[in-house]
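Listed here are the chains, written in short residue letters.
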Amino acid sequence: MHLHAAFVPPAPLVTELVALIRAQTPPPPESPRPVERRSLLGRRTVEERPPPEPTEPLLDLLEPSSMWVPVTDFGFVRPTVARDLVATIARAAERYAPPRVVLSGGAALVDDDDRFVWVELKADDDSVELMRGISREVVAVVEPLGFYCDRRQFRSRIPLAAVNDLTTVEHLEVVIAALDAHVSETWTVDEMLILQRGAGTYHRVAIGAGPEA
């Protein structure tokens, strides 16, 4: 099975962001008014105009199950090894106090090959850097088990939607302005999920469960 680790925001925060993105969609065009015509014999007729074609979305919203902060990818893992992997990560995670962040601020097309709209992680303290530190710790502690993972996968933002051929600069500006004005409820990051590709959650790892947290 293919496993990877991620910080997954609470469902209500994701639902709120999806609604925010959808609310920025321009209204559909109005149906054209009927046209009244008069024939050569003086008869009046009303010509109905065809309704406008349905509009395609200006952004392709991601599935909520894809809206998370990556920690790292472990690749294919045998079930017997997966138990040791989870136990090792759990021992490392319990030494940390749970970070507390909010989802606020927008970004888009942040790299040359990027096609996503993102919401940023923000905090009044060093919680975002603490999440980065937990991610690096995970990569370090699984190395003795034979997992040589990319420690650069952590990003302090969550993907929300992908641009498509209909996306305009003006619409991106509207969406990012809405995300900039948005501040979510505080997300206490008290767990990390080990996700199995194509199957969802494989295991939940508590953050801050140890006596020193």
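Predicted, not measured: the structure shown is a model, and the values here were computed from it. (Residues numbered from 1 in each chain as written. Predicted model: local features only at pLDDT ≥ 70, side-chain atom pairs only at ≥ 80, totals over all residues. Heavy atoms only, no water.)

The next thing to look at is helix H1 (residues 11-23). The first and last C-alpha atoms of H1 sit 18 Å apart over 13 residues, in line with the 18 Å expected at 1.5 Å per residue. The complete set of buried residues in H1 reads Leu 13, Val 14, Leu 17, Val 18, Leu 20 and Ile 21. Along the axis of H1, the buried residues cluster in a sector spanning 160°; they form a single face. Exposed and oriented more than 90 degrees from the buried face of H1 are Ala 11, Pro 12, Thr 15, Arg 22 and Ala 23. Here the buried face of H1 lies against strand E4 (59-61), strand E6 (100-108), strand E7 (116-122), strand E8 (157-163), helix H4 (169-181) and strand E9 (187-188). (Helix = DSSP H or I, 4+ residues; strand = E, 2+ residues; numbered from the N terminus. Expected span 1.5 Å × (residues − 1). Buried < 20%, exposed > 50% of the residue type's maximum accessible area, 1.4 Å probe, protein only. Arc of directions from axis to C-beta. Contact = heavy atoms within 4.5 Å.)

Among the 7 residues that make up E8, 7 are buried, leaving the element largely enclosed by the rest of the structure. Pairing geometry for E7 and E8, over 5 bridges, is antiparallel. Across the sheet, Phe 116 pairs through a bridge with Ala 162, a residue of E8. (Pairing = 2+ DSSP bridges.)

A few words on the packing of helix H2 (residues 79-93) against helix H3 (residues 127-142). In the contact formed by H2 and H3, the axes pass within 9 Å of each other and the chain directions differ by 135°. One finds that H2 runs oblique with respect to H3. H3 is crossed by H2, and the crossing has right-handed handedness. Between H2 and H3, the residues in contact are Leu 85, Thr 88, Ile 89 and Ala 92 and Glu 137, Val 138, Val 141 and Val 142, respectively. Its residues placed into classes, the contact of H2 with H3 shows 6 nonpolar, 1 polar and 1 charged. (Axes fitted to C-alpha atoms, helices over the stretch in contact; angles between N-to-C directions. Parallel < 35°, antiparallel > 145°, perpendicular 65-115°, else oblique. Left-handed = near helix turned anticlockwise from the far one by under 90°. Nonpolar A, V, L, I, M, F, W, Y, C, P; charged D, E, K, R; others polar.)

So, about the sheet that holds E7. Across the sheet, which stays open at both edges, the 5 strands sit in the order E4-E8-E7-E6-E9 with antiparallel pairing between neighbours. Each end of this open sheet is capped by a strand with a single partner; those strands are E4 and E9. In this fold H1 packs onto E4, E6, E7, E8 and E9, with an angle of close to 160° to the strand it touches most, E4. Each of E6 and E7 is contacted by H3, which is oriented at about 90° to E6, the strand it contacts most.

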